[in-house]
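Reading the structure
Listed below, chain by chain, are the residues.
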Amino acid sequence: MTEQILKVEQVEAIALIGLNNPPVNALSADLRAATYKALQILRSDDAIKAIVIYGEGRFFSAGADIKDFGRATEKPTLPDLLKDINDSSKPIIVALHGIAFGGGLELALAAHVRVGVSGLRAALPEVKLGIIPGAGGTQRLPRLAGIRAAVDIICTGKEVSAEKALEIGILDRLTNDSARDAGIAAANDVLTGKIPANSTDGLSIAPASTVIDAARQKYTGGLKAPLRALESIEAATRPISEGLALEREIFLQLMQSDERAGLVHAFFAERATAKIPEQNAGLQEINSIGVIGGGTMGVGIASAFSIAGFPVTLIELQDEQLKRARTIIDLNLSGALKRGKMKQEAYEKTRDILHFSTNLTDLAKTDLVIEAVFEDMDVKTELFKQLDNICKPGAMLATNTSYLDVNTIAAATKRANDVIGLHFFSPAHIMRLLEVVVAEKTSPELVATSFNLARKIGKIPVRAGVCDGFIGNRILSRYRKCCEYMLLDGAEFDQIDSALESFGFAMGPFAVADLAGLDISYTTRKRKAKTRPVEERYVRIADLVYEQGWHGRKNGCGFYVYDDSKIRVPNPGARDIVTKERAMLGIEPQTFTDDDIVARCLTTMIQEAANVLDEGIALRPVDIDAVELFGYGFPRHRGGPLHMADQIGLDTIIDRIRTYAEEDDYFWRVPTLLKQMLSKNQTFADLNISPEK
Ligand code: 3HC
Ligand code: NAI
């Protein structure tokens, strides 16, 4: 019964239980039941004097099985199992290696002795999933490490190193042995009285109300879980049974929340995008990177690869731009070193493997070349013609274009199957999203290699097809238009920004436009003017603001006026432009509530996302959610626009589109896919099927 999911063996008077539930030793119902049963059998065996629990495989345990969230919990629950461990008449020693997260760490906290292996990372990351530790973490961690450390660890979900875990009392001992051997050694020491075996539940702690009060002021970010965790930690000074009961009650309440559902969706979205039709294609070897263009994106891309240890050659037009690029890359690398994203040795090595040049032929032997020059089709096609002549056969040629047709760029070469879009986001060494844009002739190996490479540099790759703006920028364009229409029709720009910021975006669209520079969006609109459909409403307000010489933050004035502290105050001149434009067009301003603003923005994102899906530009709804979450600042706890669409209900979304269409039936059209889904009673979650299934 227990052979597969547990490895149980006996070494003299010590019984060993190895958790064996790949890939992450999640504490699933089967693993809990098997462990519970094994403990009962071993305790009734007189030959056994101590029991060691350790993890088989890469690490100890990633905690509770997140896939089970939202389903009824099967017995024994994790709290039942952990109580049984704490109350055991025979000493239980837990040996931790690799990772001990969530319920995995809670299991260890309930044992009598904890031994860690060097390199261990311990955490209670439950708040990142919208819940609190639900198997004693908020009660037992304060008992072992004190309330201050427990608040810090539980309310942030951050990782603690093995050394820190030893220092604060989570671990009794730290070794370099294997977990199994470390467990046996510790068990022998317990049996000979060298280390005491204590019940964590028997420990008591003093109240620390000042720590709790200070934390209450700190964790006011709008998320429920950190504050509820504090409530539970505060109860750790009460008898353990009361504290555990309160913890469980809060845990179960949060399990039902939208916040939990959104955060868990985001957790799986981050991983789901890797499942692509090309995942079994061969990989090309990529050992050197060329980046062309040392502007905003080029320096970020070069930094991202350098931080990951790849040799990079950056090409610019002139020495002056190269010098500027080098200065910014240096700053990015030292920032990465400070943030712990790079080790000192790797940082020093970049001096030897980072090259700067104005000569394109220096890329002749490079494995992957990424172009990040001006967003202009003629400039890009001319460059790809040159690359076709310079680069070695089989080199990967990538464009970082935001909107342009990757098929046309590929057609400028005689090797279209070697051309792909790698769309990074600014700042490219920080933002996690990478849209992998697959053109008509792109080879499957190139796609698989891009996904593999993305993971190596810490990015979340999402497969996208070719269209104007791919997945993310296409949806962004709709969202912006929707905001401009509301502005013209009566909402103020600062109201729109603050409504969307209260929803959870870090910045509203007009504040973002100021940050990016109104000159940039002006140029894009002028470029697209020729192809704009005549039926489409066009709002001139941003053009008029720009034409006043107000370029946004870069010159201190745009939709807002900025002082040195970067505090934004609405620009009265921009308000004036809005009022005059409405009057000129004979528009009687309507009232929009904050809820109306959010509802319209969300509805148009869902509308465009449905078209993107229907056209096959995105593989699955979850890919679109991932793009929005990891590239466009969609609030993580809301899970993404299509996750929200399922929560809101397709009938409501369609009703809203039909209502808004009474004002503008060109912009507000019900996508065919939404009608089909409604008739089949489908949700977006139903469409999240992996390509290999
Ligand atoms: N439950 C179920 N599946 C899990 C899981 C978990 N706790 N943790 C990871 N997985 C799955 C992933 O979805 C992935 O599945 P896939 O291959 O089908 O996409 C697979 O395991 C491998 O995961 P990763 O790709 O993330 O592997 P890594 O080696 O890169 O990372 C990890 C490992 C650091 C453990 C990372 O997976 C992680 O952070 N997991 C979540 C840990 C966590 O939040 N634990 C708390 C759970 S809540 C809890 O314990 C409640 C308790 O208090 C009662
Ligand atoms: P930028 O204007 O900041 O930088 C472009 C750089 O390319 C300039 O420094 C220029 O000197 C250099 N350059 C031009 N032609 C060159 C050539 N033939 N050889 C070598 N260098 C050359 O532009 P930015 O913002 O970095 O954008 C670059 C590309 O990335 C564009 O296609 C853009 O659409 C895309 N992009 C931009 C994002 C952004 O947020 N800025 C986000 C994602 C993509």
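Our structure's up above, just so we're on the same page.
This text gives an overview of the structure that appears in the document. (Residues numbered from 1 in each chain as written. Chains lettered and ligands numbered in written order. Predicted model: local features only at pLDDT ≥ 70, side-chain atom pairs only at ≥ 80, totals over all residues. Heavy atoms only, no water.)

**Here's the deal with the overall build of the protein chain**
The criterion, for reference: Helix numbering and strand numbering both begin at the N terminus, where a helix is a DSSP run of H or I of at least 4 residues and a strand a DSSP run of E of at least 2. Radius of gyration means the value over C-alpha atoms here, while the globule rule gives 2.2 Å times the residue count to the 0.38 power. With a 1.4 Å probe rolled over the protein chains alone, any residue whose accessible area is under 20% of its type maximum counts as buried; one over 50% counts as exposed, and the rest are partly exposed. We call two residues contacting when some pair of their heavy atoms lies within 4.5 Å. Areas reported as accessible are Shrake-Rupley estimates using a 1.4 Å probe. Residue values count occlusion only from the protein chains shown. Residues scored as charged are limited to Lys and Arg (positive) and Asp and Glu (negative), so that His and the chain ends carry no count. Charge placement uses NZ in Lys and CZ in Arg. For Asp and Glu, CG and CD serve respectively.
Summing up its helical and strand segments, the protein chain has 28 helices and 19 strands in all. Computed over C-alpha atoms, the radius of gyration of the protein chain comes to 28 Å, within 12% of the 26 Å expected from 2.2 N^0.38 for 693 residues, which places it in the range of a compact globule. Out of the 693 residues in the protein chain, the part that is buried amounts to 55%. Across the protein chain, every contact between residues at least 6 apart in sequence was considered, and the portion connecting residues at least 24 apart equals 73%. Accessible surface, the protein chain as shown: approximately 29,800 Å² in total, 51% of it carbon and sulfur. Within the protein chain, one finds 81 positive and 91 negative side-chain charges whose respective centroids are separated by 2 Å.

**Some thoughts on the site of ligand 2**
This is how it is decided: Being near a molecule or strand, for a residue, comes down to having at least one heavy atom within 4 Å of it. By the criterion applied in these results, polar contacts are pairs of N or O atoms within 3.5 Å in which, for protein atoms, one can donate a hydrogen and the other can accept it, and in which residues neighboring in sequence qualify only through two side-chain atoms.
Taken together, 20 residues lie around ligand 2, and Met297, Glu316, Glu375, Lys380 and Ser402 are the ones closest in. In this structure, an oxygen atom belonging to ligand 2 sits 3.3 Å away from a main-chain N or O atom of Val373. With the chains in place, 78% of the 830 Å² that ligand 2 exposes on its own is no longer accessible. Sorting the residues of the shell around ligand 2 by element identifies helix H12 (296-307) and strand S15 (419-424) as the ones contributing at least two each.

**Here we look at the side chain of Arg525**
Within the fold, Arg525 resides in helix H21 (residues 518-528). Excluding residues that lie within four positions of it along the chain, Arg525 makes contacts with Arg532, Tyr538, Ala542 and Asp543.

**Focus on the sheet that holds strand S7 (residues 121-123)**
The line we're drawing: Strand pairing requires that DSSP identify at least two bridges connecting the strands. Where helices are involved, their axes are fitted lines through C-alpha atoms of the stretch in contact, as for all axes, and angles between N-to-C directions lie from 0 to 180°.
Here we have three strands laid out as an open sheet, ordered S5-S7-S8, and mixed in their pairing. Either end of the sheet is taken by a strand with one partner, and the two such strands are strand S5 (99-101) and strand S8 (160-161). Two strands pair when backbone bridges link them, and S7 and S8 are joined in this way by two bridges, in the antiparallel orientation. If you follow Ala122 over to S8, its bridge partner there is Val160. Helix H3 (residues 103-110) rests against S5 and S7 of the sheet, and its axis sits at about 90° to S5.

**Quick word on the site of ligand 1**
In the vicinity of ligand 1, 26 residues are found, and the nearest of them are Arg58, Ala62, Glu106, Glu126 and Arg271. Note that an oxygen atom of ligand 1 is positioned 2.7 Å from one of the side-chain N or O atoms of Arg271. At 3.0 Å from an oxygen atom of ligand 1 is found a side-chain nitrogen or oxygen belonging to Lys275. Listing elements by their share of the shell around ligand 1, those giving two or more residues are S5, H3 and helix H11 (258-272). Broken down by element, the residue count for the shell around ligand 1 peaks at three residues, all from H11.

**Observations concerning empty space enclosed by the protein**
We count it as follows: Residues are said to line a cavity or pocket when one of their atoms sits within 4 Å of a point; the points come from a 1 Å grid over protein atoms alone, cavities being sets where a 1.4 Å probe fits but cannot get out and pockets being open sets with protein on both sides within 12 Å along at least five of seven lines. Grid points are joined across faces, edges and corners, and a volume is the space filled by probe spheres set on the points.
Per the stated rule, a full pass over the model turns up one cavity of 30 Å³ or more. Its volume calculated, the largest cavity comes out at about 30 Å³. Along the walls of the largest cavity sit Tyr479, Leu500, Phe503, Phe505, Val598, Cys601, Leu602 and Met605, which together make up its complete lining. At the level of secondary structure, the elements contributing two or more residues to the lining of the largest cavity comprise helix H19 (493-503) and helix H24 (594-614).

**Remarks on the pairing of strand S11 (residues 312-315)**
The line we're drawing: Place the viewer so that the strands point away; then a crossover is right-handed whenever the path from the first strand over the helix to the second strand goes clockwise.
In S11, alternate side chains face the same way, and those of Val312 and Leu314 on one face and Thr313 and Ile315 on the other are all buried. Pairing of strand S10 (residues 289-292) with S11 involves four bridges; the strand directions are parallel. Each bridged residue has a counterpart across the sheet, and for Val291 the counterpart in S11 is Leu314. Tracing the backbone out of S10, into H12 and back to the parallel element S11 gives a crossover that is right-handed. Inspection of the sheet shows S11 paired to strand S12 (residues 354-357) by four bridges, in the parallel sense. Paired with Ile315 across the two strands is Ser357, which belongs to S12.

**Considerations on the environment of Leu16**
Position of Leu16 relative to the elements: it lies in strand S2 (residues 14-19). The exposure class of Leu16 is buried, given its relative accessible area of 0%. For the pair Leu16 and Phe267, spaced 251 residues apart in sequence, the C-alpha separation works out to 33 Å. Discounting chain neighbours no more than four positions away, the residues touching Leu16 are Lys7, Val8, Glu9, Val11, Val52, Tyr54, Arg180 and Ile184.

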